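# Structural features, examined
Given next are the chains, with one letter for each unit.
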Amino acid sequence: MSSPPLDAAATLNPAQLEAVYHLTGPCLVVAGAGSGKTRVITTKIGQLLKSGYAARNIAAITFTNKAAQEMRERAKALVGPRAAKDLAISTFHSLGVRILRQEGTRVGLKEQFSILDSDDVLSVLRDAGGTTDANQARSWQWTISLWKNMGLNAAQAAAQAKDENERTAAIVMTKYQERLAAYQAVDFDDLISLPLKLLTEDAEARGKWQDTLRYVLVDEYQDTNAVQYDLLKQLVGERALFTAVGDDDQSIYGWRGATIENLKRLPLDFPQLKVIPLEQNYRSTGAILRAANNVIAVNPKIFDKKLWSEFGDGEPVALVESDGEDHEAERAVSRIQAIRGQGGAGIEFKDFAILYRANHQSRPFEQALRRANIPYKVSGGQSFFDKAEIKDLCGWLRLLVNQDDDPAFLRAVTTPKRGIGHQTIAGLSQFAGKWKCSMYEALFAESLGTALSAKQIGSLHEFGRYVNELEYKARHTSGAKEAKVLLLEWLSDIAYEQHLYDNEENEKVAAARWNNVLDFVDWVAKRCGGEIQEDGGKFETEKQTVLQVAQTISVILSMAERNEDQDQVVLTTLHASKGLEWPHVFLAGVNEGLLPFKADDEEMTAQRLEEERRLMYVGITRARKTLAVSTLRRRRKARELVMGIPSRFILEMKLHESSVKEDPREKLKRLREAFAAKGAASSAAQAADKS
Ligand SMILES: Nc1ncnc2c1ncn2[C@@H]1O[C@H](COP(=O)(O)OP(=O)(O)OP(=O)(O)O)[C@@H](O)[C@H]1O
Ligand SMILES: [Mg+2]
């Protein structure tokens, strides 16, 4: 069956077409927001298929699972479901899983390894560093992750450590890595660095993967980090057949090790690189685009870019002021209602997004939307899969995949409690530590009797046998119906429903949790049947066994979301909004301290400020038709109310350049003066409140 005709010329401009038709060498598209970079990638997938590439030889790498899903949908519309099925569209991380699944043994992993999520990493770090201080562990996690993303191992990290803190972190990193090895587990950063190590050191594996992924496309290239860049280089090899698209002005993950250097390195490492700029914006009105251009113009430039739009000026950007977070949320709701009122039935709730800098800012908006009966979803925040009951079950599934995964073992053995007490577990753990083996292995050791009583050992053996039996079934069960039967049988074996009611005083909450569990069972079962449904999309793959689904679960879940396609207002952080667009955007809390964000003890460097400014640019450029920029006169900080100062970014938007009734410079000046006067009054009032 041939793919449907691809009529790219009708929908792309000449510069985009040039990028799509350049198939013989490396290609870089650097261009501003909304200029159709992602569209170039999807169209190019179609072009590659047309020119004879098999779908399985094309890899497209996106920044989030959600973006991958969206790209798959677009590709499906372009080239049909058959071809889309075989395309390797994924994040760097899922690609890493795929490589490690096939080649893990070459880097010392057994076939069934575990992937630890952030919570597990923290508990391993607390253990490895001998601390109960969660903040300390988090800080180590942060540092170690940055090092790994820079491509440093523990020894190299120790050698370059700058102070006592970093030296300690490097020591903890050594122990941490030892534990991961013992558990046969990897963390998220390893999903990139281990495949990189493999491809760098193993010529045979490198050849194989270069042969499999013959053409590579990368979206949001500006946010790749050093190891991802090196992995890309190894994958494309000498042939260098790839297309990267990105925007240096949207690099917002510097804090996670992403480096703009990767944009500069590309033309140096690949002298034959074809660099194509795009200049026409197809997303936003003139007023919005001008505000965006004005803000980003304040930052130093790497690539000189122009961005223009054929759309008229449109609505002027609205500046919304409010007395505090609750008031701001009410104003956002009124705006949604007003725009819908004016625009008639054509405007849906999903046309609106409320964007903010930090997750915690969503709460007042959720409350106000709920009061107004407006459906909404919080995206990128605590997702379904972060819920305790789902994590419990994932712990179990992971244990089935890899019995040496101690964090998963601990979760499963204690959920639900089954007469295996603290002391038994502590004894087992000590024994395992002494013999340098996993707890599961220790459980069947003959000399365990030296550490535990016969009764304790008896209950452990019973647990071990059950895990074994379940593993066998999970390995041999595939198909949606069969998987569902097995999963429900397991839940009944471990009396999980009862466990939820025992641990939750409020019956309604327990019932809701149990419902989540049943949803989860359906979700896993569908995947076993080869139907993947997430982020509003749906596509078919091969049938999988329960064990196969279990192995990738933490990666799939890390970014997965549900209910994507319903008619809901979207609440999301600026970081998670990257690449997306909505007709109507409300930018919340555009205040000094919030955006640009500044921690109390932080000294704001020029670099940090520039990254915050890029974040503002990303936020503004998500809007297609209307944009409201909202600022607080007073805001809550820890438990206190403080005076709100409008963000410098508002001034930088130069809103007076568009046709606004009051000159915004005047308005801002007036506001600032009013704030100053009120600030004095409100701190007096606050003092009075407290006494
Ligand atoms: N040639 C074109 N003609 C009409 N519409 C286009 C064209 N190219 C892109 N678009 C539309 O413009 C919008 C922005 O495109 P796209 O998301 O690809 O931009 P982008 O450069 O990837 O933006 P970002 O930097 O935010 O990721 C989309 O709605 C897309 O469908
Ligand atoms: Mg894009």
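What comes next concerns the included structure. All figures in this text were calculated on a predicted structure; none of them were measured in a lab. (Residues numbered from 1 in each chain as written. Chains lettered and ligands numbered in written order. Predicted model: local features only at pLDDT ≥ 70, side-chain atom pairs only at ≥ 80, totals over all residues. Heavy atoms only, no water.)

## Considerations on the sheet that holds strand β11 (residues 318-322)
Sheet architecture is open: 6 strands sit in the order β11-β18-β17-β12-β16-β13, paired in parallel fashion. Looking at the sheet topology across the chains shown, the edges are occupied by β11 and β13 (376-379). The mean inter-strand angle of the sheet, taken between neighbouring strand axes irrespective of direction, is 20°. Pairing analysis gives 4 bridges linking strand β12 (residues 352-356) to strand β17 (residues 582-587), with the strands arranged parallel. (Pairing = 2+ DSSP bridges. Helix = DSSP H or I, 4+ residues; strand = E, 2+ residues; numbered from the N terminus. Axes fitted to C-alpha atoms, helices over the stretch in contact; angles between N-to-C directions.)

## Side note on the site of ligand 1
For ligand 1, the set of nearby residues contains 19 residues, the closest of which are Thr11, Lys37, Arg39, Gln250 and Glu581. Between ligand 1 and the protein, one listed contact pairs an oxygen atom with a side-chain N or O atom of Arg622 at 2.8 Å. Compared with its free state, where it exposes 630 Å², ligand 1 has 86% of that area covered by protein. A total of 3 residues in the shell around ligand 1 trace back to one element, the largest contributor, which is helix α2 (residues 37-50). For the shell around ligand 1, the residue count by class is 3 nonpolar, 10 polar and 6 charged. (Near = heavy atom within 4 Å. Polar contact = N/O pair within 3.5 Å; in protein donor to acceptor, adjacent residues only side chain to side chain. Areas by Shrake-Rupley, 256 points an atom, 1.4 Å probe, with all protein chains shown as cover. Nonpolar A, V, L, I, M, F, W, Y, C, P; charged D, E, K, R; others polar.)

## Some details on the environment of Ala244
As for its placement among the helices and strands, Ala244 is situated in strand β7 (residues 242-246). Sequence separation between Ala244 and Trp523 is 279 residues, and the spatial gap between their C-alpha atoms is 34 Å.

## With respect to the pairing of strand β20 (residues 640-643)
Relative to β20, strand β19 (residues 634-637) runs antiparallel, the two being bridged by 4 bridges. Note that in β20 the partner of Arg635 across the bridge is Val642. Taken together, β19 and the strand that follows it, β20, pair antiparallel across an intervening segment of 2 residues, in which Ala638 is found at a positive phi of about 50°.

## Focus: the pattern of salt bridges
One pass over the full model with this rule turns up 36 salt bridges. With a closest N to O distance of 3.2 Å, Lys274 and Glu18 form a salt bridge. Here the residue Lys274 occupies a position in strand β8 (residues 274-278), and Glu18 occupies one in helix α1 (residues 14-21), the gap between them amounting to 256 residues. With a relative accessible area of 30%, Lys274 lands in the partly exposed category. Across the pair Glu204 and Arg106 runs a salt bridge whose closest N-O atoms are separated by 3.4 Å. Taken together, the residues span a long stretch of sequence, with Glu204 in helix α11 (residues 203-212) and Arg106 in the loop between α5 (92-103) and β4 (114-115) at a distance of 98 residues. For Glu204, a relative accessible area of 58% corresponds to the exposed category. The network of salt bridges with common partners includes Glu103, Arg106, Asp202, Glu204 and Lys208. (Salt bridge = Lys/Arg side-chain N within 4 Å of Asp/Glu carboxyl O. Buried < 20%, exposed > 50% of the residue type's maximum accessible area, 1.4 Å probe, protein only.)

## Things to note about the packing of aromatic side chains
Taken as a whole and judged by the stated rule, the model has 11 aromatic pairs. Seen from their ring centres, Tyr53 and Tyr215 are 5.9 Å apart, and the 85° between their planes marks the pair as edge-to-face. Here Tyr215 lies in strand β6 (residues 215-218) and Tyr53 lies in the loop between α2 and β2 (58-62), a separation of 162 residues in the sequence. For the ring pair Phe242 and Phe270, a centre distance of 5.0 Å and an interplane angle of 70° mean the geometry is edge-to-face. (Phe/Tyr/Trp six-rings, centres within 6.5 Å; stacked < 30°, edge-to-face > 60°.)

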